[in-house]
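# Topology and contacts: notes
As a plain string of letters, each chain reads:
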Amino acid sequence: MDSSVPDNFGSSQKLMALAQQLRQYKSPPTPFDDDDDNEEQKVEESAGKLVSQLGFAESVTPVAQQPPERFRPKRAAVLICLFEGDSGELRVILTKRSSKLSTHSGEVSLPGGKAEETDANDAETATREAKEEIGLDPSLVNVVTCLEPFLSKHLLRVIPVIGILSNKDFNPCPNAAEVEDVFDAPLEMFLKDENRRSEEREWMGDKYLIHFFDYEMNEKKYLIWGLTAGVLIRAASIVYQKPPAFLEQNPKFKVPRVVQNDTIMP
């Protein structure tokens with residue numbers, strides 16, 4: 001992030017204050033930092049800590065590493081693009097993926113995708129993908145921070161990038177090959193127990209929760225769950241500086257010692 005880039009929040013004092021707050025945020029260290037000599041020790045120390053639902057927060061995931069089968073997931077980034085609604089509430093841009101896609105078809109997600117070698121950083125990955133998927137010009141997004149990585153169902157390392165939209169009148173142009181619909185939702189919804197349900201699942205002998213949020217807008221119904229819900233719960237907790245009104249996580253989740261190409265979480 002380049003702090004020398006001028007902010008463009010119009011006359012919104014709330015968005016300027018939010019940007020300042022989020023720029024002070026420091027994500028927890030991840031046990032996968034390649035330049036960390038105490039990597040294995042940190043992994044052991046993280047055992048027994050809490051882990052997010054389905055999209056598992058990497059910094060608290062006790063991954064067992066046994067060389068030479070070292071755990072090196074591929075990298076991706078998603079954009080948590082926030083803007084101020086007509087009533088002054090913070091809202092986040094979401095997409096419904098095309099039903100023709102081979103993975104996660106028809107599911108609600110944040111704009112984003114896998115990193116490319118030409119991407120300078122995670123922010124560039126997230127904003128590039130957002131432009132490709134919904135036509136969002138990166139110049140309209142003030143990137144303010146990145147959250148800790150999450151592990152996706154397919155063991156992909158996903159970095160949530162928080163950006164603030166400088167023009168709430170942005171008109172999405174969805175790429176029909178990837179995106180079926182673009183909508184927005186109030187960020188604070190992901191801290192509330194309303195319109196939420198959860199399911200308990202099991203992986204390698206340990207149980208965890210998956211959260212589902214039912215949302216309706218313009219007479220359309222959406223189901224927000226899994227990694228997307230997990231990332232938004234974490235983002236809302238950081239933005240509003242308070243925990244959700246429900247049990248967010250379950251302890252003692254383990255990633256398998258040897259990860260094959262087809263390894264997925266249930």
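In case you missed it, the structure is sitting above this.
A brief look at the structure comes next.

Here is what the cut-offs are and how they apply
- Residue positions are counted from 1 within each chain, in the order its sequence is given.
- The predicted nature of this model means local features are confined to residues of pLDDT at least 70 and side-chain atom pairs, given and counted, to a pLDDT of 80 or more, with totals for whole chains, interfaces and linings taken over all residues.
- Heavy atoms from the whole structure form the basis of all side-chain values; hydrogens and water molecules are not counted.
- We call a residue buried when its accessible area falls under 20% of the maximum for its residue type, exposed when it is over 50%, and partly exposed in between, using a 1.4 Å probe and counting protein chains only.
- Numbering of helices and strands runs from the N terminus; a helix is a DSSP stretch of H or I covering at least four residues, while a strand is a stretch of E covering at least two.
- Working note: the arc is built from the helix axis to C-beta atom directions.
- Residue contacts are counted whenever heavy atoms from the two residues lie within 4.5 Å of one another.
- Expected helix span is taken as 1.5 Å per residue step, with the number of steps being one fewer than the number of residues.

An α-helix turns once per 3.6 residues; consequently, residues spaced three or four apart project the same way. If you check which residues of helix H1 (residues 13-23) are buried, you get Leu15, Leu18, Ala19 and Leu22. In an axial view of H1, the angular spread of the buried residues amounts to 100°, which keeps them on one side of the axis. Seen from the buried face of H1, the exposed residues on the opposite side, beyond 90 degrees, are Gln13 and Gln20. Of the surrounding elements, those touching the buried residues of H1 are strand S3 (75-84), strand S4 (90-97), strand S7 (141-146), strand S9 (157-165) and helix H4 (226-240).

Its 15 residues give H4 an end-to-end C-alpha distance of 21 Å, which sits within 8% of 21 Å, the value for a rise of 1.5 Å per residue. Within H4, 13 of the 15 residues are buried, which leaves it mostly tucked inside the rest of the structure. One or two residues past the end of H4 sits Gln241, with phi positive at roughly 55°.

The next thing to look at is the environment of Ile162. Along the polypeptide, Ile162 turns up in strand S9. Relative accessible area serves as the criterion here: at 0%, Ile162 is assigned to the buried category. Through-space distance from the C-alpha of Ile162 to that of Leu22 is 8.5 Å; in sequence the pair is 140 residues apart.

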